[in-house]
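Secondary and tertiary structure notes
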Amino acid sequence: MSVLDRLQGYLSLLSTLFTRLVFVEIGPFPVVVLWLLGGALFATLRMGLINLRGIRHALNILRGRYDSDEEEGEVSHLQALSTALSATVGLGNIAGVAIAIRLGGPGAVLWMTLGGFLGMSTKFIECTLGQKYRVIQPDGTAVGGPMYYLSGGLAALGKPRLGRVLAVIFALCSVGGSLGASSMFQVNQSYGAVAQVLPIPNWLYGLILMLLVALVLVGGIQRVGQVASLLVPAMCLVYALAALWIVGSYGADLPQALGTILQGSIHPQAVVGGAVGVMVQGLRRAVFASEAGIGSAAIAHAAARTREPVREGLVAMLEPLVDSGLICTLTALVLILTGAYTDPSLLDLSGSELTAAAFASVIPWFPVVLAAIVFCFAFSTMIAAGYYGECSWNYLFENGNTAVYKSLLLGSIFIGSISTAKAVVDFSDGMFLLMAVPNLMGVYFLANGVARDLKDYFQRMRSWQPPLVLESSSQDPMSSQDPI
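Owing to the predicted nature of the structure, the values given are computational and were not obtained by experimental measurement.

In terms of helices and strands, the protein carries 21 helices and four strands. Scored against the burial criterion, the 484 residues of the protein give a buried share of 58%. Put simply, 82% of the contacts in the protein that link residues at least 6 apart link residues at least 24 apart. Summed over all atoms, the accessible surface of the protein reaches about 18600 Å², with 66% contributed by carbon and sulfur.

Have a look at this one:
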């Protein structure tokens, strides 16, 4: 037995033991899944359906309508959103959707979309809190996230000890999650798609990604934001256009496909299968939406240039709309319309390979493009996750030597490239999901304050009271008849 075989055996054993501890079940659902679903429902109701009534205003913010260079922060709203999206829009939309449909049938798609809708409210609360309790360091850099709003927010409520404990637990899980769900899983699944068009040893593929991630992380959040804001929109556009072309090619079959999704959504297997598929993709889809409840996106949005925390929360709310509402749905329609998910000859393919085969059935040359998209998605996810993990590491060790963390991150990328898919999925899911336990406890405690901030924000927007538009802004706020 080779060294690599023994290493894979050890990883499989450890991931099995870890999974049994994390995924304690009530009926068919792991407790952590119910925890996330409950948090999303609570956030949606407590914020008064902000996931519906706030979309128009969020798009205006993203367009830069209220921007000012005098506001503190390191990145623009778009760069913060792109950084957060780069950690969510990725292989989960390509590999995870295929696995979910294979396990739960077409009905799993509807549960993914519903989960994305509910998760918008959770994401709003998390990223508003990330801005509200962020810390501007002496060098002008902004740091924030669940570590800071758990400790600072709960201390303001008279619970400093609980806040500190929850913050430390979250930071530990965040470091582990960045090494697992957002690094090991990404390199492991992306290799399957890339190797189909470019034969390359898995260990060499891992080394290449290690080098590229290292080069970007040297530049911090500004470099991550710049790369993400270029890669993510471009890859999403290319992928969406190709998917829409296939959907259009099967236009006559579209009503039947939608009917299949609707009919399958009420079948118990679809519910369970959807949840399992989402766990495989790091809890980014279905009932618990795209990382909503996990809290990691608040780290990226804390660095955005704004003096209005609610404003950044509204921008962050668009993330589940893009990945769960658009990209995942398009992927699912391609798999269903082409019949790839039921093709017996494709049963041995992994999630990303199955999606590639579905595209190739209509666009024969597209697997080459898809391999490039998968690679870019995986790369952008890893650099965003690396930044999240580094911020959590700095919180734990008070800006200690980050070279240790970066070495662990790069090592996890290599290990992910040579490990079996099951071992990677089990470990990454567990570490990633554990982040939701302390984060959602903080959300429950701090939601009332966010609701008050949201009400105050919209009242001031309607009456145009400062400090919404700075004196240096070239836009006259009274010139618009529809500020919201």
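Averaged over all residues, the pLDDT of the protein is 76; the fraction at 70 or higher stands at 72%. At the level of individual helices and strands, the protein shows its lowest average pLDDT in helix 13 (residues 268–280), which scores 48, and its highest in helix 8 (residues 146–156), which scores 92. Note that residues 465–483 has pLDDT below 50 and, in this model, 30 contacts with residues that lie over four places away or in other chains.

Let us now look at the packing of helix 15 (residues 309–316) against helix 16 (residues 318–338). Packing of helix 15 against helix 16 leaves a shortest axis separation of 4 Å and a crossing angle of 5 degrees. The angle between helix 15 and helix 16 places the two elements in the roughly parallel class. Counting all contacts with helix 15, which are made through Leu314, Val315 and Ala316, the residues of helix 16 involved are Leu318, Glu319 and Pro320. Residues of the contact of helix 15 with helix 16, tallied by class, amount to five nonpolar, no polar and one charged.

Moving on, we get to the pattern of salt bridges. Note on pairing: side chains with opposite charge can pair once their charged atoms come close. A complete count under the given rule lists five salt bridges for this structure. A salt bridge links aspartate 453 to lysine 132, with the nearest nitrogen and oxygen atoms 2.9 Å apart. Of this pair, aspartate 453 sits in helix 21 (residues 436–463) while lysine 132 sits in helix 7 (residues 108–132); the two residues are 321 residues apart in sequence, bridging distant segments of the chain. Given a relative accessible area of 35%, lysine 132 falls into the partly exposed group. The salt bridge partner of arginine 460 is glutamate 308, with a shortest N-O separation of 3.0 Å. Here the residue arginine 460 occupies a position in helix 21, and glutamate 308 occupies one in the loop between helix 14 (297–301) and helix 15, the gap between them amounting to 152 residues. For arginine 460, a relative accessible area of 13% translates into the label buried.

For cysteine 328, the position within the fold is in helix 16. Considered as a pair, cysteine 328 and alanine 98 are 230 residues apart in the sequence and their alpha carbons are 9.5 Å apart.

To continue, consider the packing of aromatic side chains. Scanning the model with the defined rule gives eleven aromatic pairs in all. With 4.9 Å between their ring centres and 55 degrees between their planes, phenylalanine 42 and tyrosine 444 make a pair best called tilted. Of this pair, phenylalanine 42 sits in helix 2 (residues 31–46) while tyrosine 444 sits in helix 21, and the two are 402 residues apart along the sequence. Looking at phenylalanine 42, the relative accessible area reads 26%, which means it is partly exposed. Taken together, the ring pairs connect Tyr239, Phe359, Trp365 and Phe366 into an aromatic cluster.

Position of histidine 301 relative to the elements: it lies in helix 14. Of note is the side chain of histidine 301, whose polar atom sits 2.6 Å from the side chain of glutamate 312.

So, how was this worked out
Sequence order as written defines residue numbering, which begins from 1 separately in each chain. For this predicted model, a pLDDT threshold of at least 70 governs which residues receive local features, and a threshold of 80 or more governs which side-chain atom pairs are given and counted, while totals over whole chains, interfaces and linings are taken from all residues. Computation of side-chain values: all heavy atoms of the structure, hydrogens and water removed. A run of H or I in DSSP becomes a helix once it reaches four residues, and a run of E becomes a strand once it reaches two; helices and strands are each numbered from the N terminus. Only protein chains enter the area calculation, which uses a 1.4 Å probe; residues under 20% of their type maximum are buried, those over 50% are exposed, and those in between are partly exposed. Working rule for contacts: check all heavy atoms of both residues, and any pair within 4.5 Å makes them a contact. Reported accessibility uses the Shrake-Rupley method at a 1.4 Å probe radius. Residues are deemed covered only where the shown protein chains occlude them. The predictor's confidence in any single residue is recorded as pLDDT, a number from 0 to 100. Note on definitions: angles span 0 to 180 degrees between N-to-C directions of axes, and those axes are lines fitted to C-alpha atoms, for helices only across the stretch in contact. Note that the term roughly parallel is reserved for angles under 35 degrees, roughly antiparallel for angles over 145, roughly perpendicular for angles of 65 to 115, and oblique for everything else. Residues are sorted three ways: Asp, Glu, Lys and Arg are charged, Ala, Val, Leu, Ile, Met, Phe, Trp, Tyr, Cys and Pro are nonpolar, and all the rest, Gly among them, are polar. The working definition used for a salt bridge is a side-chain nitrogen of Lys or Arg within 4 Å of a carboxyl oxygen of Asp or Glu. In summary, the pairing rule links any two rings of Phe, Tyr or Trp, Trp by its six-membered ring, whose centres are within 6.5 Å, and it sorts them by plane angle into stacked for under 30 degrees, edge-to-face for over 60 and tilted for everything else. Contacts described as polar in this section are N or O atom pairs within 3.5 Å, which, within protein, must combine one atom able to donate a hydrogen with one able to accept it, while residues neighboring in sequence count only if both atoms come from side chains.

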